[in-house]
Amino acid sequence: MEGPVPELAHRWRLGVESAAMTNATATSELDAVIVGAGFAGLYMLHKLRGSGLRARIFEAGSGVGGTWFWNRYPGARCDVESMEYSFKFDDALQQEWKWSERYSEQPEIMRYLNHVADRYELRRDIALETRVTSAHFDEGTSRWNVSTDRGDRVSANFCIMATGCLSSTNTPEFPGLDSFAGRVFHTGKWPHEPIDFTGRRVGIIGTGSSAIQAIPIIAKQARHLFVFQRTPNFSVPAQNGPLDPEVQERIKAHYGELRRLGSQMPFGFDVQLNEKSALEVSEAEREAEYEQRWKHGGLPFLGSYADLLYNKEANETAAAFIRRKIAEIVKDPKLAALLSPEPTDVAGCKRLCSDSGYFETFNRSNVTLVDVRSAPIEAITPTGLSTGKETFAFDDLILATGFDAMTGSLLRVDIRGAGGATLGERWAEGPRTYLGLSVVGFPNLFMISGPGSPSVLTNMVVSIEQHVEWIAECIGYLRSKGLARIEATLDAQNDWVAHVNEVADSSLYPRCNSWYLGANVPGKPRVFMPYLGFPPYVEKCNQVASRGYEGFRLG
Ligand code: N01
């Protein structure tokens, strides 16, 4: 890739004043600052380096891994199969890495990401334990001035937010939370040392994906586990297990084919999408299909029929099947009813959970399910929790209460664009972006898997790779033309936001109080954030690039 034209080269050489050149190589010139060292940040650094740019990552954690660095609660694992939940950008990497399970557990994903950091010698340009506190755009120089909590002050042409969609934890303001005398954990910020629950009474609040993965394991250890459930969730068994080395080799022999197939799917991975409607087949055929998908396990359950996420009547056939399964698994009919979503609920509207023995866990005598919908949590007390109806005593409290998703990790950085407006002000009524990559008024700022892009509705790794490659190509284009600035236009952004909403409204997704809508965080504007449909999104991004970055103002 070409470098900048000589007369403009000074616009690319950027001074770095660092009060704490911590654990990365000191550099006095930067082209790009990358915030975050998860899947997105690591690949972005590798890619920009490959284009001859000077880039550096700032990462708040003490290690690489992003969401996988923080989410180390018992049972944390991916819900897209390991062979697809991994980078495809380098065939040598995907051929040499061996996954041990169908769905990898968090420690294995961390080993993989550390391997990536070492294999591509990324660490010398990563500053760990360094949180970016502010990023301010300088109109005069078209550069971003970035500050960290360790006193770094960096100036760079581009600021790339690889901050993750599920990185900012959501802790509800339960009265009395600070008074709890025992240990308090959040699944999204789990301690690094092993936590032993043996002999202890544990309370867990929440029944989302994190809780559903953690509960079966904690229940086996704890003396007693109280599960505080506000909304019952749809979950299908992951059917996880060891990955047969022969199967793995067979996949590797045709890896490109699997990757191609995945990227043609709406969710960016192979859900074996059936093109039929659930309503055009007989009840017996439908039942057989759901049964076969249940046995296969995991998210491909939602691929059973093409209209499950578009037609409530079709969806109800799948939802009813899951409710019947819950009734079969859970021996106590009252408990089974309490664990079952309502007929008005849409399966997959909140992200479908993929579990390993979740419903079975409620057959254990040391597990109590507490309905905090009919009697909400009133307070956390020094010894436990009280609802309107009862009090519960436990030694440890686990908050499995999710995230301020998609916007939280962006908005906790003081980002100010051209004219000094903050991102928080611009997004006061919800996030507005062009392609989930760029925001009007924030030139040269890119988001990886930002709101308005497919991100959390897809295999995140595939979406991340697509964004990283698009951003790198865009920066390469600007350099080749001697341009120093790119900014989305208002018209393009408005059209894109309208399109994202239109696509979402054609589906059942906006019908429930999910974190996709920001509905889980009190006061958060209710806007459907991800874009539904990976292939059309990629087509649009490619079209924008091929038309000289249509919808952007270049300068
Ligand atoms: O969070 P959630 P999560 N009182 O928001 C409850 C990804 N992920 O961390 O539904 C009582 O889904 C809340 O109740 P309700 C995945 O994309 C993936 O579990 O709002 N309860 C809910 O039950 C997932 O979707 C994997 O009524 C309260 C729970 O807390 C996303 O991360 C694994 C409450 C929060 O569930 C988030 O999952 C884990 C209150 N005041 C996570 N406030 C994989 O498998 C909240 N709750 C890859």
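Per chain, the residues get numbers from 1 upward, laid out in the order the sequence is written. Predicted model: local features are reported for residues with pLDDT of at least 70 only, side-chain atom pairs are reported and counted for 80 or more only, and whole-chain, interface and lining totals are derived from all residues. Values shown for side chains rest on all heavy atoms present in the structure; no hydrogens or waters enter the calculation.

A. Spotlight on the overall build of the protein chain. Along the protein chain, the regular secondary structure elements total 16 helices and 22 strands. Using C-alpha atoms as the atom set, the radius of gyration is obtained and then compared with a globule rule of 2.2 Å times the number of residues to the power 0.38. For 555 residues, the compact-globule estimate of 2.2 N^0.38 gives 24 Å, and the C-alpha radius of gyration of the protein chain, at 24 Å, lies within 12% of that figure. In terms of its C-alpha atoms, the protein chain occupies a principal-axis envelope of roughly 75 × 55 × 45 Å. Put simply, of all contacts in the protein chain between residues at least 6 apart along the chain, 71% involve residues at least 24 apart. Runs of E in the DSSP output that reach at least two residues are strands. Runs of H or I that reach at least four are helices, and both are numbered from the N terminus. Note on contacts: a residue pair is in contact if any heavy atoms of the two residues lie within 4.5 Å.

B. Spotlight on the state of the cysteines. The term disulfide is used for any two cysteine sulfur atoms that are within 2.5 Å. One pass over the full model with this rule turns up one disulfide. Free cysteine: cysteine 353, not disulfide-bonded; nearest cysteine sulfur from cysteine 512 at 12 Å. Unpaired in terms of disulfides, cysteine 541 finds its nearest cysteine sulfur in cysteine 474, a separation of 11 Å. Burial classification: accessible surface area is computed with a 1.4 Å probe over protein chains only, and a residue below 20% of its type maximum counts as buried, one above 50% as exposed, and the rest as partly exposed. Overall, cysteine 541 belongs to the buried group, its relative accessible area being 0%.

C. Layout of the pattern of salt bridges. We define a salt bridge as a contact between a side-chain nitrogen of Lys or Arg and a carboxyl oxygen of Asp or Glu at a distance within 4 Å. Using the criterion set out here, one finds 28 salt bridges in the structure. Note that arginine 119 and aspartate 90 form a salt bridge whose closest N and O atoms lie 3.5 Å from each other. Of the two residues, arginine 119 is situated in helix H4 (residues 106–119) and aspartate 90 in the loop between helix H2 (67–70) and helix H3 (91–96); the sequence distance between them amounts to 29 residues. Given a relative accessible area of 19%, aspartate 90 falls into the buried group. Aspartate 395 serves as the salt-bridge partner of arginine 201, at 2.9 Å between the closest nitrogen and oxygen. Of this pair, arginine 201 sits in strand S10 (residues 201–205) while aspartate 395 sits in the loop between strand S17 (391–393) and strand S18 (396–399), and the two are 194 residues apart along the sequence. In the salt-bridge network here, residues are joined through shared partners; they are Glu291, Lys295, Lys325 and Glu328.

D. Spotlight on the packing of aromatic side chains. Under the pairing criterion, centres of Phe, Tyr and Trp rings, with the six-membered ring standing for Trp, must be within 6.5 Å; the plane angle then separates stacked pairs below 30 degrees from edge-to-face pairs above 60, leaving the rest tilted. In total, this model carries 44 aromatic pairs according to the counting rule given. Taking the centre distance of 5.3 Å and the plane angle of 75° together, the rings of phenylalanine 228 and phenylalanine 392 count as edge-to-face. In this pair, phenylalanine 228 is assigned in strand S11 (residues 224–229) and phenylalanine 392 in strand S17, connecting sequence segments 164 residues apart. This pair shows no difference in class: phenylalanine 228 is buried, exactly as phenylalanine 392 is. An angle of 65° between the planes, with centres 5.0 Å apart, marks the rings of tyrosine 358 and phenylalanine 359 as edge-to-face. Joined through ring pairs, the aromatic side chains of Phe39, Tyr43, Trp68, Tyr85, Phe87, Phe89, Trp97, Trp99, Tyr112 and Tyr120 make up one cluster. When the ring centre of phenylalanine 69 is taken as reference, the NZ or CZ atom of arginine 72 above it lies at 5.1 Å. Only when the NZ atom of a Lys or the CZ atom of an Arg is both within 6 Å of the ring centre and within 35 degrees of the ring normal do we say a charge sits over the ring.

E. Structural view of helix H1 (residues 39–50). For H1, built from 12 residues, the straight-helix expectation of 16 Å at 1.5 Å per residue is met to within 8% by its first-to-last C-alpha distance of 17 Å. Burial of H1 is extensive: nine of the 12 residues sit out of reach of the surface. Every buried residue belonging to H1 is among Phe39, Ala40, Gly41, Leu42, Tyr43, Met44, Leu45, Leu48 and Arg49, and all of these are buried. Immediately downstream of H1, the backbone of glycine 52 shows phi near 85°, a positive value. Expected span of a helix: the number of residues minus one, times 1.5 Å.

F. Here's a closer look at the site of the ligand. We call a residue near a molecule or strand when any one of its heavy atoms sits within 4 Å of it. Surveying the vicinity of the ligand reveals 23 residues, the closest of which are Thr207, Ser210, Arg230, Thr231 and Lys350. At a separation of 2.7 Å, an oxygen atom of the ligand approaches a polar side-chain atom of lysine 350. The separation between an oxygen atom of the ligand and a polar main-chain atom of alanine 400 is 3.2 Å. Accessible areas in this description were obtained via Shrake-Rupley with a 1.4 Å probe; residue shielding takes into account the shown protein chains only. Relative to its unbound accessible area of 920 Å², the ligand is 87% covered by the protein chains. The dominant element in the shell around the ligand, judged by the number of residues it contributes, is helix H5 (residues 209–221), at three residues. Taken together, the residues that form the shell around the ligand break down as nine nonpolar, nine polar and five charged. In protein, a polar contact requires one atom able to donate a hydrogen and another able to accept it; more generally it is a pair of N or O atoms within 3.5 Å, and residues adjacent in sequence count only if both atoms are side-chain atoms. Note on residue classes: Ala, Val, Leu, Ile, Met, Phe, Trp, Tyr, Cys and Pro are nonpolar, Asp, Glu, Lys and Arg are charged, and everything else, Gly too, is polar.

G. Geometry of the side chain of aspartate 355. With respect to the helices and strands, the residue aspartate 355 is situated in strand S13 (residues 353–355). For the purpose of counting charges, residues Lys and Arg are taken to be positive, whereas Asp and Glu are taken to be negative. His and the chain ends are not included. The side chain of aspartate 355 sits in the buried core without any salt bridge; arginine 77 is the nearest counter-charge, 10 Å away. Of note is the side chain of aspartate 355, whose polar atom sits 2.7 Å from the side chain of serine 235. Side-chain polar atoms of aspartate 355 contact the backbone nitrogen of tyrosine 358, separated by 2.9 Å. Sequence-distant contacts of aspartate 355, defined by excluding residues within four places in its chain, comprise Ile212, Ser235, Val236, Pro237, Ala238 and Gln239.

H. Molecular detail of the environment of proline 522. Note on placement: proline 522 falls in the loop between helix H15 (490–505) and helix H16 (534–546). On the basis of relative accessibility, which here comes to 77%, the residue proline 522 falls in the exposed class. Each C-alpha atom, one on proline 522 and one on tyrosine 305, is 34 Å from the other, the two residues being 217 residues apart in sequence.

I. The pairing of strand S3 (residues 55–58), seen in detail. Burial along S3 is two-sided: Ala55 and Ile57 and Arg56 and Phe58, pointing in opposite directions, are all buried. Where strand S2 (residues 32–35) meets S3, four bridges bridge the pair, whose relative direction is parallel. Paired with isoleucine 34 across the two strands is isoleucine 57, which belongs to S3. Once you follow S2 into H1 and on to S3, the crossover reads as right-handed. At least two DSSP bridges between two strands are required for those strands to pair. As paired strands, S3 and strand S4 (residues 126–127) are joined by two bridges and run parallel to one another. The residue bridging phenylalanine 58 from the neighbouring strand is alanine 127, located in S4. If you view a crossover with the strands going away from you and the path from the first strand over the helix to the second runs clockwise, you call it right-handed.

J. Structural detail: unusual backbone geometry. Here glutamate 129, not a glycine, exhibits a phi torsion of approximately 50°, which is positive. Inspection of the secondary structure assignment puts glutamate 129 in the loop between S4 and strand S5 (132–138). Glutamate 129 gets classed as partly exposed once you look at its relative accessible area, which sits at 45%. Its identity as a non-glycine residue notwithstanding, serine 455 has a phi of 25°, on the positive side. Tracing the backbone shows serine 455 in the loop between strand S20 (445–447) and helix H14 (460–480). Judged by relative accessible area, which is 0%, serine 455 ranks as buried.

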